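In case you want the letters, here they are:
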Amino acid sequence: MIQSYSLTHLEELESESVYVLREVAAQFENPVMLFSGGKDSIVMFHLARKAFFPAKVPFPLLHVDTGHNFDETIAFRDALIEKTGVNLIVGSVQESIDQGKVVEEKGFNASRNGLQTTTLLDSLEKGKYDAAMGGGRRDEEKARAKERFFSHRDDFGQWDPKNQRPELWNLFNGRKQMGEHFRVFPISNWTEMDIWQYIMHEKIEIPSLYFSHKRRVFERDGVILADSDFINKRPEEVVEERIVRFRTIGDMTCTGATASDADTLEKIIEEVASSRITERGGRSDDKRSEAAMEDRKKQGYF
Amino acid sequence: MSQTDSYTDMDLLRFTTAGSVDDGKSTLIGRLLYDSKSIFQDQMEAIERASSKMGGDESINLALLTDGLRAEREQGITIDVAYRYFATPKRKFIIADTPGHIQYTRNMVTGASTANLAIILVDARNGLVEQTARHAFIASLLRIPHLVFCINKMDLVDYSEERYEEIRAELEAFCSKLEVNDVRFIPISALKGDNVVHKSKNMDWYEGGTLMYTLETIHISGDQNHVDCRFPVQYVVRPHTDEYHDYRGYAGRVAGGVFKKGDEVMLLPSGFTSKIKSITTFDGELEQAFAPMSVTLCLEDDLDLSRGDMIVRANNQPKAEQEVEVMVCWMSEKPLTPNGKYALKHTTRDARCIVKDIKYKVDINTLHRMEDDKEIKMNDIARISLRTTVPLFFDRYGRNRTTGSLILIDEATNETVGAGMII
């Protein structure tokens, strides 16, 4: 029998991510994994379980809770924590508002999305975490295309796109001064399609929001938003029941749904393959200006 | 279901693109994404908006697809390595898009360090220019296994076969001075789409495949070293649970060779030998592991092994020395300090080193060795000798890109300042 020593692209991506996760555990004293309950962080956590098997994942998860989450996301998160026995830390945006650290936006497009940055940085400081792993992917958005696996942040948590360390081969430089920390993106090289294929291949559980379901929604600037108490509707905005699903999961206030009858992973993959809109096309937070993501990243956003 | 099945069968090709500022590199990438239908409608609309804002030509500016950061859009140039993704039914691709200016050699080196293939763009009107030579040299220095010269803007030389052959001969002569094994040439027009994804109707005389065909079919599984067994220990897994009470696993990514259950192995630096008891993964035990798989090895004997150590075969050992000769690409604005001390990372091993000697600097345009100029500044490439505080377990970079590469770090700023390839 002729041996073929080759990996499929999913196997190679998995191997790369596992390598990065192990580097984090080896190079940092107190790492933490950011967990949003979305598919990317679910896959990242799944990879972490693989990386340290048969030991437990050697770092806690940190969820920045805006208070505007979908109920399904929180229920899913709690069930996963219960099942895997990992330690969960919750940073609360509501607390940051109550403490007067941030001021809630007003008006129809008010969102707590931008406020998360303060809560995130506070949570990192409080836990004295020196590395925070995130599920960011380079294919998501153009400002992310240049992000490193190991992304250095100064002591204000800021990202300087002009002064990033070069990243060569698989040699990750996690050295830092006191007070500085790193953001690490283990699934940098995955695309939306890779994530879905992997979820199907590995039979990874995901929140029901990703599958098409009946929901009360309304349209704003071409984006379908879920009706909830967290959004102020304009008088002309009509709520109706539609069959939708979500391609990304964020805050209820700014995560757009798509009209879809994809209720299985196979159908979702078919839909992603034929889609002509990127997944962040439904995120109103990115539409604010052409360089919206770049600006938020500089301030310390995920 | 056919779509989902075929997708899990694909492999992964990483390539870099290099070209001079006006060689049409961004246009080429835009063309690959556009013609392979990898561009989404909202991205397309964003580009159309930006194209008209910049008052550019009426046709859609494909180059805008690949320009990310605002600073770049303002300056109209790419300033850093950007990664792009696309897939065809045959393969998934990762593009490391690197800029072409001289002051950004360091970015080109960065992008090239993980690539299986390099596309080098040559303007058909200008032929081989200094930058082409530089890009080809860097690709060969970084041992990118496959090199594809795209002779671009063929539409501006009337799709002339004669002109193409002239440039090809020039490039072949130059490449004979380099260490590259697989070199290919394709006449294209990125702007008009000739021979990028679709075969050109304007160049009947060209009998080779299109660029996309080449990218989809080039054989890459032989690019990894499957001969010399090298397993740098990355992390020690100790569960401390009842079920895995005495479990002690060595986690890492295979850097070369094939490790099989039952294999006799040697541990470095101790020199002790043992046998592979099991290859553990979350999905069950494996019979064998090869590069670049991430696995966990368990050994028959209870030996002291930690991060930075290496598992090899007794009859095929890497060099274990404290004196290394490297070709270094300098990445920092602060020049290399002769006799300076730096932190060093090699595989999973950390060390410190002193620069013992600067042998020569390479003029990357002419490949001449400059033995009297020893000031190593940003973007310079030089041969230096290092002495390390602990032995490194290494192979020649030409033999193994993982065990043959290292980085130098400024101990005061923690910046990565040098990329080294062991000779």
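Procedures and definitions
- Residues numbered from 1 in each chain as written.
- Chains lettered and ligands numbered in written order.
- Predicted model: local features only at pLDDT ≥ 70, side-chain atom pairs only at ≥ 80, totals over all residues.
- Heavy atoms only, no water.
- Helix = DSSP H or I, 4+ residues; strand = E, 2+ residues; numbered from the N terminus.
- Buried < 20%, exposed > 50% of the residue type's maximum accessible area, 1.4 Å probe, protein only.
- Contact = heavy atoms within 4.5 Å.
- Pairing = 2+ DSSP bridges.
- Axes fitted to C-alpha atoms, helices over the stretch in contact; angles between N-to-C directions.

The number of helices and strands found in chain B is eight helices and 22 strands. For chain B, buried positions account for 60% of its 423 residues. Partitioning the contacts of chain B with sequence separation of at least 6, the portion at a separation of at least 24 is 69%.

Residues and elements named next belong to chain B. Within strand E21 (residues 405-409), five of the five residues are buried, which leaves the element mostly enclosed by the surrounding structure. Residues of E21 alternate between two faces, with Ser-405, Ile-407 and Ile-409 on one and Leu-406 and Leu-408 on the opposite face, all of them buried. The pairing of strand E17 (residues 341-346) with E21 spans four bridges and is classified as antiparallel. Following the sheet pairing, Ala-343 is matched in E21 by Ile-409. Both E21 and strand E22 (residues 416-422) contribute to a ladder of five bridges, which runs antiparallel. Across the sheet, Ile-409 pairs through a bridge with Thr-416, a residue of E22.

Take the environment of Val-43 of chain A next. Residue and element names in this part refer to chain A. Within the secondary structure, Val-43 sits in helix H2 (residues 39-52). Separated by 153 residues in the primary sequence, Val-43 and Trp-196 place their C-alpha atoms 9.4 Å from one another. Not counting chain neighbours up to four residues away, the residues in contact with Val-43 comprise Trp-190, Ile-195, Tyr-198, Ile-199 and Ile-204.

All names here are of chain A. Here six strands make up an open sheet; going across it, the order is E3-E2-E1-E4-E6-E5 and the pairing mixed. Of all strands in the sheet, those bounded by a partner on one side alone are strand E3 (88-92) and strand E5 (150-153). Direction aside, neighbouring strands of the sheet carry axes that sit 30° apart on average. Bridge analysis of E5 against strand E6 (residues 181-184) gives four bridges, and the strand direction is antiparallel. Looking across to E6, one finds that Arg-153 is bridged to His-181.

Limitation: the analysis is restricted to geometry and does not speak to function.
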